[in-house]
Amino acid sequence: MNTEYEDFRASVRRLAADKIAPHAADVDDKERFPEEAWAALRAADLPGLPYDEKLGGSGADLLSQVIAVEEVAAACASSALVLLVNWAGTSTVVSHGSDELRAEVVPRVAGGEAGAAWCMTEPTVGSDLSGIRTTATRDGGDWVLNGQKRFISNAPWAEWYAVLARTGEKDFGVFMVHKDDAGISFGPHEKKMGMRGSPTTDVVLADCRIPGRRVVADPTQGYRYINGELNVSRALIAAQALGIAQGAFDAAVAYTCDRRQFGQALSRFQLLRGMVADMAVKIESARALLHDAVALITAGDPRARSRVSMAKLLCSDNAMSVTTDALQLHGGYGFIRDYPVERMMRDVKITQIYEGTNQIQRLVIAKDVYAGQVRS
Ligand SMILES: Cc1cc2nc3c(=O)[nH]c(=O)nc-3n(C[C@H](O)[C@H](O)[C@H](O)COP(=O)(O)OP(=O)(O)OC[C@H]3O[C@@H](n4cnc5c(N)ncnc54)[C@H](O)[C@@H]3O)c2cc1C
């Protein structure tokens, strides 16, 4: 990695250590929005990373976004989720939206003044999006949306909601709904195991009328648009998992140097040194695969799809294992909320589930294996 990326990583790491990590336990404990982190991310212009300068962003590449998410997640996974969901929520508008729609949605999100969310999951629809029941119907120049979206990150904090809705028997569109539109409402705050600083609610659309300009390009191609964004969003979730693993690993290494038993530091016990070595291998191998997947995505290589599924799978499975071992290395103190590793172990679980469960990632990889798309 060249020094430009290393310098960027170091600057986000400092920001996360100084301005984000000190509030992470309180955010988790009170299940509150990470206000301090968001203010710090805005002050550092990080919400604008992926957007073109003309839209108020800094036009950073995907590797920079991945590095930012890794470093923020190492301090506070919820804060990283708020950031990356903003990017996912605006991604179809950036890639396919009209200039008018981009100008309406993106600049405030890029500046961190507004948040965005993406809304696919429904009460009866998770892994299989083809069963979506939310509908969008043309009425004169408007669209009218009806349905219910479940587990929507950044709701109700976000201003913009990218809603995948059915427009025909096999057709779907992406519609940008604003939180002030008549007919949108939000369910109760979900009480979660982890990511407790990231707000999550249902989004309910009851005869929600939006102007025609708010559909993203072709209203029959929404499913294709969303699929096209999954490579990037899965890379960002992989980065989030990896960041959490790194945070837990760093905490465990520090703890084992300080804590003494049987007259010596825990770090001297060979059994524990073996665990630490295995954890380091899990983190570094997952990071190498993720950065390789990012390079394929950036190059537009068709192998990117399975490579990013492998990276999402490996980063999240390894992160679950690393956080569990990090807690073990803390002994009983790891189980107590005074130490960050128990929060990290709770936070990381969802990375094996959202943005396509790890079972779904395996299906994607196997499909591409049999299509001859996987070999280097
Ligand atoms: C905290 C949180 C935040 C979220 N944020 C968002 C968001 O912002 N936007 C959004 O749209 N959604 C969001 N989700 C939803 C998330 O993406 C879904 O929960 C996920 O896609 C899985 O869907 P499901 O829960 O309906 O599980 P199901 O699809 O019902 O799956 C249940 C189990 O069956 C397995 N399974 C399903 N199909 C197959 C198959 N073909 N082969 C083998 N196994 C299979 C799954 O892997 C899983 O283990 C969020 C969820 C949570 C908990």
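Residues numbered from 1 in each chain as written. Predicted model: local features only at pLDDT ≥ 70, side-chain atom pairs only at ≥ 80, totals over all residues. Heavy atoms only, no water.

By the naming in an unreviewed UniProt entry, the chain goes by Acyl-CoA dehydrogenase family protein and is assigned to Amycolatopsis echigonensis. Comment text from UniProt for the chain, heading Cofactor (unreviewed entry), reads "FAD". The chain has a UniProt comment under Sequence similarities (unreviewed entry) that states "Belongs to the acyl-CoA dehydrogenase family." (UniProt positions renumbered as here; feature names shortened; annotations may be inferred.)

J.: Any chance you could explain the nonpolar core here in plain terms?
T.: Proteins that are soluble and globular tend to have nonpolar side chains buried together. Ile20, Val66, Leu84, Trp87, Leu164, Met176 and Leu290 are the most contacted members of the largest nonpolar core, which totals 96 residues. Tallying contributions element by element places helix α6 (residues 222-258) first for this core, with 16 residues. In this structure Leu164 touches Cys119, Met120, Leu129, Ile132, Thr134, Lys149, Phe172, Gly173, Val174, Gly222, Tyr223 and Ile226, once residues within four positions along its chain are discounted. Residues Cys119, Ala136, Ala165 and Val177 belong to the second largest nonpolar core, which totals 19 residues. (Core = buried A, V, L, I, M, F, W, Y, C linked by side-chain atoms within 4.5 Å. Buried < 20%, exposed > 50% of the residue type's maximum accessible area, 1.4 Å probe, protein only. Helix = DSSP H or I, 4+ residues; strand = E, 2+ residues; numbered from the N terminus. Contact = heavy atoms within 4.5 Å.)

J.: Explain the pattern of salt bridges here, please?
T.: According to the stated counting rule, one finds 28 salt bridges in the structure shown. Notably, a salt bridge pairs Glu71 with Arg13, separated by 3.0 Å at the nearest N-O pair. One end of the pair, Glu71, is in helix α3 (residues 62-75); the other, Arg13, is in helix α1 (residues 3-30), and 58 residues separate them in sequence. The exposure class of Glu71 is buried, given its relative accessible area of 7%. Residue class for Arg13 comes out partly exposed when judged on its relative accessible area of 45%. Ionic pairing is found between Arg307 and Asp292, a salt bridge with its closest N-O pair at 2.4 Å. Taken together, the residues Arg307 in helix α8 (residues 304-329) and Asp292 in helix α7 (residues 270-299) connect sequence positions 15 residues apart. (Salt bridge = Lys/Arg side-chain N within 4 Å of Asp/Glu carboxyl O.)

J.: When you look at the UniProt feature "domain: Acyl-CoA oxidase/dehydrogenase middle" (unreviewed entry) in the chain in this model, what are you seeing that I'm missing?
T.: This chain's UniProt record puts "domain: Acyl-CoA oxidase/dehydrogenase middle" (unreviewed entry) on residues 118-208. In this annotation, residues 118-208 is assigned 0% helix and 49% strand; the end-to-end C-alpha distance for the span is 17 Å.

J.: Looking at this structure, how should I read the domain arrangement of the chain?
T.: Reports often express the size of an interface as the amount of accessible area lost when the parts come together. Domain annotation of the chain identifies domain 1 (3-110), domain 2 (116-219) and domain 3 (223-370). Domain 1 puts 24 residues into the contact, and the matching count from domain 3 is 25 residues. Taken together, the two surfaces of domain 1 and domain 3 that pack against each other cover about 2000 Å², and 67% of this comes from carbon and sulfur. Of all residues in domain 1, Asp28, Leu62 and Glu70 give up the largest surface area on contact with domain 3, accounting jointly for 26% of the area buried on that side. Run the count over domain 1 and domain 3 and you get 2 salt bridges. The interface formed by domain 1 and domain 3 contains 5 residue pairs in polar contact (both at pLDDT 80 or more). Of all elements in the fold, only α1, α3 and α4 (77-96) reach the threshold of two or more residues within the side of domain 1 that touches domain 3. (Domains from an automatic or database assignment. Buried area = accessible area lost by both parts, 1.4 Å probe. Polar contact = N/O pair within 3.5 Å; in protein donor to acceptor, adjacent residues only side chain to side chain.)

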